[in-house]
Amino acid sequence: MSRWKERRQRFRALLSGRRCLHPASVFDPVSARIAEDLGFEAGMFAGSTASLSVLGAPDVIVLTLSELAGQAHRICRAASLPLLVDADHGYGNALNVMRTVEALEVAGVAGLSIEDTLLPGAHGGGGETRLVTIDEGVGKIRAAIEARRDPALAIAGRTSACMVTGVEDAIARAKAYAAAGSDAIFLVGVGSPGQLDAIAEAVSLPLIVGNIDPSMADPEYLAGRGVRLCLQGHQPFAAAVEAVYRTMKALKDGVPPGQLENIADGELMARVMRRDDYERWAKEFL
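Below is a summary of the structure that appears in this document. Note that this is a predicted model, so its numbers are computed, not measured.

Okay, the overall build of the protein chain next. Per the secondary structure count, the protein chain includes 13 helices and eight strands. Its C-alpha atoms give the protein chain a radius of gyration of 20 Å, near enough to 19 Å, the size a compact globule of 286 residues would have. Here the C-alpha coordinates of the protein chain stretch approximately 60 × 45 × 40 Å along the principal axes. The proportion of buried residues among the 286 residues of the protein chain is 46%.

As C-alpha cells, then:
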C-alpha cells in the first residue's frame, strides 16, 4: 500500500541521514498517536513490550508471530509514525524468518530486526544468552531479504555479541550480515566507546543501538559513529502500568472519581482517539 511505502521511505531517510534520533517506545495505537503528536520521527515496538501488552507476560518468547503482527498492524493503522519492530529471532529458523517478514510487511511496519540470539531458551540453559552461528545468522538475513516484497522495507541484522562473545565476534557478525544484505546493523549491549568505535570503523551500514552504557549517550558522538537510532528503553509502558495501578488503587481505597489525580483531560482524550475525524466522517457519510 502506498501509505506503508511513504513511511518506509521516511524511515530509510532517517537511516541514511546524519543525525542520531531516539525512537519512541510504543506498544498500542494510543501510545503511537501520542508519540506522533509529540513530534517523534519513528517508533519502536519491542518484543518485551509486545509480550507485555498482548499477553501480560515477560519477554521469554511465548508471544506468537500472528500476535506480534496483529499488534504491529493496529499500531501502524492508527498513526503514520514509521515503526521499527523487534522481530526477535524471526520465530524459528530461516524459513520461519521468511514468514515473519511477510507478516510484518503486510502489517505495515517500516523496518524490522532479526537477531542472532538462540531463542527460545533451551532446556538446561540456565538462562544464559547464547548466539546461533554466524552461518545461521547469515541464512536468516538472506531469507529475510528474499521474502521482502517492498524494497523500501528496512531489514536490520541484530546481534548481542558485544556482551556475549566480545567485540571481535560482533564485528565479524556485523560484516557478515552486511554482506548478506542487511540495511542496518542493530547492536545490543555495546559496553564502551572503544567497542562502538571499532565496530563503526569496520562497518559502513547505519547502526541502531540499544542497551548502551550511559557514558555513550551523547547524540553527537553517536551520530559521528554512524548511529542513526538509539533506543532509550521502554519506560512508557512501565509509566502506563504505574498510572493504571495508582488510579485503580485510589478508586479501591474510596477516592471519588472526580478527585483522582493525573487523569487525561477531555481535550487530550479527544486528540488521542481522533474524535474530530470520526465526527467529521459521521457528518459526511451518515
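Next, the rest of the story.
Here we take up the pattern of salt bridges. Scanning the model with the defined rule gives 19 salt bridges in all. Here Lys 5 ties to Asp 150 by a salt bridge, and the two come within 2.7 Å at their closest N and O atoms. Of this pair, Lys 5 sits in helix α1 (residues 2–16) while Asp 150 sits in the loop between α6 (134–147) and β5 (154–159), placing them 145 residues apart in sequence. The buried category is assigned to Asp 150, whose relative accessible area is 9%. Across the pair Arg 225 and Asp 197 runs a salt bridge, and its minimum N-O distance is 2.6 Å. Here the residue Arg 225 occupies a position in the loop between α10 (219–224) and β8 (227–230), and Asp 197 occupies one in helix α9 (residues 193–202), the gap between them amounting to 28 residues. With a relative accessible area of 29%, Asp 197 lands in the partly exposed category.

The interhelical angle for the contact between helix α3 (residues 47–55) and helix α4 (residues 65–78), taken along N-to-C directions, is 90°, at an axis separation of 10 Å. Judged by the angle between their axes, α3 and α4 are roughly perpendicular. Counted together, Ala 50, Ser 53, Val 54 and Leu 55 of α3 and Glu 67, Leu 68 and Gln 71 of α4 form the full contact between these two elements. Considering only residue class, the contact of α3 with α4 consists of four nonpolar, two polar and one charged.

Attention now goes to the sheet that holds strand β6 (residues 184–188). Across the sheet, eight strands lie side by side as β1-β2-β3-β4-β5-β6-β7-β8; this open sheet has parallel pairing. A single partner strand is all that each edge strand has here, and the edge strands are β1 (24–25) and β8. Examined bridge by bridge, strand β3 (residues 83–86) and strand β4 (residues 111–115) share three bridges and lie parallel to one another. Its bridge partner being in β4, Val 85 is matched across the sheet by Leu 112. Sheet strands touched by α3: β1, β2 (43–45) and β3. Its angle to β2, the strand with the most contacts, is close to 65°. Of the strands in this sheet, β5 and β6 are in contact with helix α8 (residues 167–179), which crosses β5 at around 160°.

For the rest of this paragraph, the subject is unusual backbone geometry. Between Leu 119 and the following residue, Pro 120, the backbone shows a cis peptide bond with an omega angle of -10°. Mapped onto the fold, Pro 120 is located in the loop between β4 and α6. Positive phi, normally seen in glycine, also occurs at Asn 211, with a value near 60°. Positionally, Asn 211 belongs in the loop between β7 (207–210) and α10. The phi torsion at Arg 274 lies on the positive side, around 55°, for a residue other than glycine. Structurally, the position occupied by Arg 274 is in the loop between α12 (266–272) and α13 (275–285). Residue classification places Arg 274 among the buried residues on the basis of a relative accessible area of 18%.

Turning our attention to the packing of helix α5 (residues 94–107) against α6. Relative orientation of the contacting elements α5 and α6 amounts to 40°, with a least axis distance of 8 Å. Relative to α6, the element α5 lies oblique. As for how α5 packs across α6, the hand of that crossing is right-handed. Within the contact between the two elements, α5 uses Ala 94, Val 97, Met 98, Val 101, Glu 102 and Glu 105 and α6 uses Gly 139, Lys 140, Ala 143, Ala 144, Glu 146 and Ala 147. Classifying every residue of the contact of α5 with α6 gives seven nonpolar, one polar and four charged.

Right, let's talk about the nonpolar core for a bit. Counting 61 residues, the largest nonpolar core has Phe 45, Leu 83, Leu 104 and Leu 196 as the members making the most contacts within it. The biggest single contributor to this core is α4, with six residues. Dropping the residues within four chain positions of it, Leu 104 is found in contact with Arg 8, Leu 68, Ala 69, Ala 72, Val 85, Ala 87, Val 109 and Leu 112. Ala 42, Ala 156, Val 188 and Ile 208 belong to the second-largest nonpolar core, a separate cluster that totals 17 residues.

Looking now at the pairing of β8. The sheet contact formed by β7 and β8 spans three bridges and is parallel. What sits directly across from Val 209, in β8, is Cys 230. Read from β7 through α10 to β8, the crossover connection turns out right-handed.

Conventions used here
- Residues numbered from 1 in each chain as written.
- Predicted model: local features only at pLDDT ≥ 70, side-chain atom pairs only at ≥ 80, totals over all residues.
- Heavy atoms only, no water.
- Helix = DSSP H or I, 4+ residues; strand = E, 2+ residues; numbered from the N terminus.
- Rg over C-alpha atoms; globule rule 2.2 N^0.38 Å.
- Buried < 20%, exposed > 50% of the residue type's maximum accessible area, 1.4 Å probe, protein only.
- Salt bridge = Lys/Arg side-chain N within 4 Å of Asp/Glu carboxyl O.
- Axes fitted to C-alpha atoms, helices over the stretch in contact; angles between N-to-C directions.
- Parallel < 35°, antiparallel > 145°, perpendicular 65-115°, else oblique.
- Contact = heavy atoms within 4.5 Å.
- Nonpolar A, V, L, I, M, F, W, Y, C, P; charged D, E, K, R; others polar.
- Pairing = 2+ DSSP bridges.
- Left-handed = near helix turned anticlockwise from the far one by under 90°.
- Core = buried A, V, L, I, M, F, W, Y, C linked by side-chain atoms within 4.5 Å.
- Right-handed = clockwise from strand over helix to strand, strands pointing away.

Bear in mind that shape data such as this cannot, by itself, settle questions of function.
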